[in-house]
Amino acid sequence: MTTRHAPLLKWVEEVARHTRPDHIRWCTGSDAEYQQLIEEMIASGTLSALNPETYPNCYLHLSDPSDVARVEHLTFVCTENEEDAGPNNNWMSPAEAHAKMHSLFAGAMQGRTMYVIPYCMGPIDSPYSRCGVEITDSPYVVANMKLMTRMGSVALGRIEREGKFVKGLHSTGDLDPERRFIMHFPDELSIMSIGSGYGGNALLGKKCHALRIASYQARTEGWLAEHMLIVGIESPDGVTHYIACAFPSACGKTNLAMLIPPHSLPGWKVWTLGDDIAWLHLDDEGQLRAINPESGYFGVVPGTNVKTNKNAFDMITHDAIFTNVGRTADNEPWWEDKKVGEPAYDWQGRKYRPGNGPAAHPNSRFTVNARNNPSYSELADAPEGVPISAIVFGGRRAKVAPLVFEAKNWKHGVLVGASVGSKTTAAAIGEVGVIRRDPMAMKPFCGYNFADYWSHWLSFEERTDKLPKIFHVNWFRQDDDGNFLWPGFGENLRVLHWIIDRCEGRIDATETPIGYLPLPGDIDTSELDISPETMQELISIDVERWRTENQHFADYLDDFGDRVPDALRAEQQRIAAELAKL
Ligand code: GTP
Ligand code: SPV
Ligand code: MN
């Protein structure tokens, strides 16, 4: 296989001349090709097969111990003007970045096979979908792209018809963190990544294309590329509301997207459309619609068990790739909080010893096709996407943020999104557990200046009068001993129930400067082991803490100077003034 698309052919030839692979392989995306790659990786030691009785077609990959998460400090947005990348991004001039990458890629693929992966982000027939081609020397990347995107011949067909595609060049290089960079050239629709084989650093269709490059394109084209799950909530009367939720990395998107309703909410059903990324467009009627550009999941493994997320637990018992988990003596994958089995080996392949730390790396991941998920919605393949009733922001906050509140209007909702703060997690290299500003859960993923991004969000109000309501949730409130106050997981449906009731105008709420809070009793707590006092604490605000929070946000906006939209400043000042009066 090759292509009749001349610019693609020319680029592939140029890359091959420069990186000097032994072989070039155009990927068709067939099941046979996947199986062959798996066998080659088993032969080379890149993968090992897990227990074929209990985990059929499941494989384990152990990455280099220095290559276990996204590297935000080595990720750059390369625009001509530094201001266009904004203080939220690392910036390098395109000329300097090209020079650096050119020398790092010289001969990088010698002795290796170069794979050419045409892929389509989004349903293959959707006008909202976009294509790309990733060139990589990692067969592990090819296998993951097969599970997570529509890749191969179908995507190449669309590229040949449309002509336009995002160019992604990837090599694992020598895995030396000193020679690891992830560069984005939004004006050239191109990405270059070297020195890592892990997740978002290497699967270029995901964060690099579907968020950083796509957000940049979306701004000029009038849509949004967001770090959001998409879930359908069907009430017992048969009405389904689609909700898009933006939570930072490892803050609960996958879990919410495939939630199992608790016994106390009989007749409710949950449908998964996506667990990580949403592309949002206004349709001809002014309705906001979402598609999921991905077709598989790259999800956090630790914490997944029958109680927390049975859908995920079941879907990773077959046809899955595990990265950096431990293993039991009978060759099943093992991770912290799995609740069954015992670890025999850890994620570095060593005999398990508690003194060496957890058996599974905290950012260990599973890769599966979305169709493995028992709650998969066929509408994930609908070219027109699904209509969105509510947008929900959230973060990991031990204090301050209540369980749920509703923004007063779109402008206020944009402030609620822009002021998201959350504890850092193991999804990125760096300190874990420190609060940082993570606007719209896009801090690591917005491909341009956040101030311009907030203006773009605000501009939707001028284009339609049918925008969804905006909410904020926090599943992670803790008491002074560090215990979670809210049970979370399946029980989060109780909060979604309140959100839907608010969207339907069925219930009232308490008005406060930060938004509308649930009235006591409106969040159903039947069958929950939670005291009325705790529940009251979860749905009220601590005025002093919110004054500090508002001031932190005001200081954060200062980093963006004059580019901050006036409407956002005005919202922040309104809230400050109202809080001062309490
Ligand atoms: P990325 O894939 O990194 O974007 O993460 P994500 O937002 O999809 O996070 P995910 O759902 O994988 O959850 C990450 C961690 O948070 C897991 O260890 C979960 O067990 C835990 N978690 C998810 N939902 C809840 C919840 O409602 N309550 C509590 N306490 N923990 C949760
Ligand atoms: C995240 O970090 O938000 C992820 C995992 O979803 S990765 O694909 O590695 O970015
Ligand atoms: Mn993510």
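This text goes with the structure placed above it.
Let me begin by describing the structure that accompanies this report. Worth saying up front: this structure is predicted, and the values here are computed from it rather than measured. Starting from 1, residues in each chain are numbered consecutively following that chain's sequence as written. Just so you know, chain letters begin at A and ligand numbers begin at 1, following the order they were written in. Local features in this predicted model are restricted to residues whose pLDDT is 70 or higher, and side-chain atom pairs enter the listing and the counts only when it is 80 or higher, whereas totals over whole chains, interfaces and linings include all residues. Only hydrogens and water are removed before side-chain values are computed, so all heavy atoms of the structure are retained for them.

1. Points about the coordination of the manganese ion (ligand 3)
How we decide: Donor atoms: N, O and S within 2.8 Å of the metal, or within 3.2 Å for Na, K and Ca. Because water is excluded, sites can look incomplete. Under this scheme a four-donor centre is tetrahedral when all angles range from 85 to 135 degrees, a four-donor centre is square planar and a six-donor centre octahedral when opposite donors are above 155 degrees with the rest from 65 to 115, and any other centre is irregular. Each helix is a run of H or I in the DSSP string that is no shorter than four residues. Each strand is a run of E no shorter than two, and both are numbered from the N terminus. Partly exposed describes any residue whose relative accessible area lies between the buried limit of under 20% and the exposed limit of over 50%, with all areas from a 1.4 Å probe on protein chains only and scaled to the type maximum.
Donor atoms from the polypeptide that bind the manganese ion (ligand 3) are K207 (NZ), H227 (NE2) and D276 (OD), placed at 2.2 Å. Classification of the site at the manganese ion (ligand 3) as octahedral follows from its six donor atoms and the range of 71 to 174° in their angles at the metal. Sequence spacing of the donors to the manganese ion (ligand 3): K-x19-H-x48-D. Pair noted here: H227 is in the loop between strand 12 (224-226) and strand 13 (228-234) and D276 is in the loop between strand 15 (269-274) and strand 16 (278-282), with a separation of 49 residues, a long-range link. Note on H227: relative accessible area 0%, which makes it buried.

2. Things to note about the sheet that holds strand 22 (residues 365-369)
For clarity, the threshold we go by: The rule for pairing is simple: two strands pair if DSSP sees at least two bridges between them.
Taking strand neighbours across the sheet as the criterion, the five strands line up as 2-3-19-22-18 in an open arrangement whose pairing is mixed. If you trace the sheet from one side to the other, it starts and ends with strand 2 (48-49) and strand 18 (296-300), each paired once. Where strand 2 meets strand 3 (residues 59-61), two bridges bridge the pair, whose relative direction is antiparallel. Within strand 3, the position partnered with A49 by the bridge is Y59.

3. Some remarks on the environment of R130
Our working definition: Contact definition: two residues touch when any of their heavy atoms are within 4.5 Å.
The topology assignment puts R130 in strand 7 (residues 130-136). Considered as a pair, R130 and K164 are 34 residues apart in the sequence and their alpha carbons are 8.5 Å apart. Beyond its immediate stretch of four places on either side in the chain, R130 contacts Y119, C120, M121, H209, Q217, E221, W223 and W279.

4. Here we look at the packing of aromatic side chains
Defined as follows: Here is the rule: rings of Phe, Tyr and Trp (six-membered ring for Trp) pair when centre to centre is within 6.5 Å. Planes less than 30 degrees apart are stacked, more than 60 are edge-to-face, and the remainder are tilted. Only when the NZ of Lys or the CZ of Arg is both within 6 Å of the ring centre and within 35 degrees of the ring normal is a charge said to sit over the ring.
Evaluation of the coordinates by the stated rule reveals 22 aromatic pairs. A centroid spacing of 6.0 Å and a plane angle of 20° characterise the contact between F322 and W335, whose relative ring orientation is stacked. Remark: W335 occurs in the loop between strand 21 (333-334) and strand 22 and F322 occurs in strand 19 (residues 321-323); sequence separation between them is 13 residues. When sorted by exposure, F322 lands in the same class as W335, which is buried. Clustering of aromatic rings is evident, with ring pairs tying together Y216, F393, W410, Y448, F450, Y453, W454, W457, Y556 and F560. Positioned above the aromatic ring of Y345 is the side chain of R327, whose terminal nitrogen or guanidinium carbon lies 4.7 Å from the ring centre.

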